[in-house]
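A look at the structure
Below are the chains, spelled out letter by letter.
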Amino acid sequence: MSPKIVVCGAGFLGQNIARTFLTSTHKPLWHVQLLSRDPENLQQTLKSSLPAEVAQQLQPPRSVDITQPGTLHQAFEGADVVVSAVGIMHGTPADFERIQMKGAENVARAARAAGAKLVHISAIGADAESSIPYARTKGLGEIAVFNACPDATVVRPSIMFGPGDGFFAVCRPIEIPPLMPVFGGGTTLFQPVYVGDVAQLVEIIAQQEPTITKHVNGKIIEAGGPDVLSYREIMGLVLKHTNRYRPIVSVPFAVGSLQAMVLEKLPPSMFTLTRDQVEQLKMDNIVNPSPTPADRYCKFKRLIEQHSGSSLKSVHEMLPTYLPGI
């Protein structure tokens with residue numbers, strides 16, 4: 001019988017994880033089921049982009065709400081692996097707690113009840129002691145996940161890039177403003193990771209082979225790409241690969257906070273900015289080279305190279321393949 005993976009969360013990463021499993025050469029073939037509040041659009045997008053014989057592995061989607069545990073237990077029946085990839089970037093502190101902490105716990109409890117391996121997607125910077133609701137609830141969500149599923153694997157990506165991403169690709173030429181503002185000189189460091197590499201990592205974890213499980217069960221994997229870039233350098237890459245010139249102008253963090261005070265009250269859009277996001281931009285978003293305790297962490301690069309036979313993709317390699325066509 002083919003193993004079944006349930007992908008809970010139909011966003012950018014969820015779509016790429018589903019595609020990776022559907023096109024995997026690992027035997028036996030995976031059956032993939034998408035779960036979210038409204039998974040139909042992603043289901044149709046995937047089906048239309050895959051060969052008919054591959055699309056047959058895609059099971060009917062189900063509508064669930066991770067804040068309502070009753071919607072999860074039946075949906076997880078028969079699952080061998082559950083990927084928890086639900087998160088939000090904007091909302092009230094109560095929203096973050098409801099979705100990223102309690103929602104993560106609900107998914108973990110339902111995965112345990114189903115006897116499924118859980119892969120939980122968190123984020124670099126997750127910190128249960130943070131004053132920023134996004135980072136704090138990511139950290140608290142990790143704690144809840146491990147309490148419910150001690151053998152879960154937590155993946156913390158840096159900013160992800162790839163066709164359709166919400167960071168590089170969102171800067172379409174027609175929408176690039178007359179100047180590119182960067183806060184605090186644009187010196188904050190990022191370690192962009194290719195979404196296909198993160199999806200490949202999830203597929204490796206899901207194989208559940210003894211040589212893999214001993215390294216990943218109960219562990220945290222911080223996923224960053226091969227390049228560490230400042231925010232200013234990232235903006236320069238966007239301009240370069242969209243064939244635009246704009247001056248990159250430093251904006252003091254204090255001014256950014258004042259702007260965010262207004263923008264965060266408007267309906268969400270590509271220009272949405274919150275004061276918490278400005279605060280996060282004061283902190284580097286890169287893999288911790290010396291995490292503690294060290295035995296709780298597993299190396300992303302080593303897993304990819306050892307179990308996929310490929311190297312991590314660079315922004316310099318991948319951006320030219322999709323930014324010019326936007």
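Since we're looking at a predicted model, the values are computed, not measured.

**Quick look at the pattern of salt bridges**
Where charged atoms from two side chains of opposite charge come close, those side chains can pair. Counted by the stated rule, this structure contains 8 salt bridges. The partner of Lys-313 in a salt bridge is Asp-197, with the nearest N and O atoms 4.0 Å apart. Note that Lys-313 is positioned in the loop between α11 (300-308) and α12 (315-322) and Asp-197 in helix α6 (residues 195-206), a separation of 116 residues in sequence. Residues joined in a network through salt bridges with shared partners are Lys-102, Glu-105 and Arg-109.

**A closer look at the sheet that holds strand β5 (residues 117-121)**
In space, the 7 strands of this open sheet follow the order β3-β2-β1-β4-β5-β6-β11, with parallel pairing throughout. The open sheet has two edge strands with one neighbour each: β3 (62-63) and β11 (220-223). One ladder, built from 4 bridges, connects strand β6 (residues 153-157) with β11; its direction is parallel. Along β11, the bridge assignment pairs Val-155 with Ile-221. Here helix α4 (residues 93-114) sits on the sheet in contact with β1 (4-8), β4 (81-84) and β5, set at roughly 165° to β5. Across the sheet, α6 touches β4, β5, β6 and β11, and the angle it forms with β6 is around 170°.

**As for unusual backbone geometry**
Here the bond from Thr-292 into Pro-293 is cis, since omega is -10°, no more than 30 degrees from zero. Here Pro-293 is to be found in the loop between α10 (275-280) and α11. Phi angles above zero are rare outside glycine, and Gln-208 is one such case at about 55°. With respect to the helices and strands, the residue Gln-208 is situated in the loop between α6 and α7 (210-216). Phi at Asn-243 takes a positive value of approximately 55°, unusual for a residue other than glycine. For Asn-243, the position within the fold is in the loop between α8 (231-241) and β13 (248-251).

**Remarks on the state of the cysteines**
One way to say it: the disulfide is the covalent bond shared by the sulfur atoms of two cysteines. Applying the stated rule across the entire model yields 0 disulfides. Looking at Cys-8, it has no disulfide partner, and the nearest cysteine sulfur is the one in Cys-149, 13 Å off. Classification of Cys-8 by relative accessible area gives buried; the value is 1%. Note on Cys-298: no disulfide assigned, nearest cysteine sulfur contributed by Cys-149 at a separation of 18 Å.

**Quick notes on the nonpolar core**
One finds Val-32 and Phe-168 to be the most contacted residues of the largest nonpolar core, which totals 64 residues. Per-element tally for this core: the top contributor is α6, with 8 residues. Sequence-distant contacts of Val-32, that is, excluding residues within four places in its chain, are made with Ile-5, Val-7, Ala-18, Phe-21, Leu-22, Gln-57, Leu-58 and Gln-59. In terms of nonpolar packing, the next biggest core, distinct from the first, is built from 31 residues, Leu-72, Ala-104, Ala-108 and Leu-118 among them.

**Quick word on helix α9 (residues 253-263)**
Taken together, the buried positions of α9 are Gly-256, Ser-257 and Ala-260. In an axial view of α9, the angular spread of the buried residues amounts to 100°, which keeps them on one side of the axis. When the buried face of α9 is taken as reference, the exposed residues oriented beyond 90 degrees from it are Ala-254, Leu-258 and Val-262. The inward-facing, buried residues of α9 abut β8 (180-183), β13 and α10.

Thresholds, definitions, all that
Residues numbered from 1 in each chain as written. Predicted model: local features only at pLDDT ≥ 70, side-chain atom pairs only at ≥ 80, totals over all residues. Heavy atoms only, no water. Salt bridge = Lys/Arg side-chain N within 4 Å of Asp/Glu carboxyl O. Helix = DSSP H or I, 4+ residues; strand = E, 2+ residues; numbered from the N terminus. Pairing = 2+ DSSP bridges. Contact = heavy atoms within 4.5 Å. Axes fitted to C-alpha atoms, helices over the stretch in contact; angles between N-to-C directions. Disulfide = S-S within 2.5 Å. Buried < 20%, exposed > 50% of the residue type's maximum accessible area, 1.4 Å probe, protein only. Core = buried A, V, L, I, M, F, W, Y, C linked by side-chain atoms within 4.5 Å. Arc of directions from axis to C-beta.

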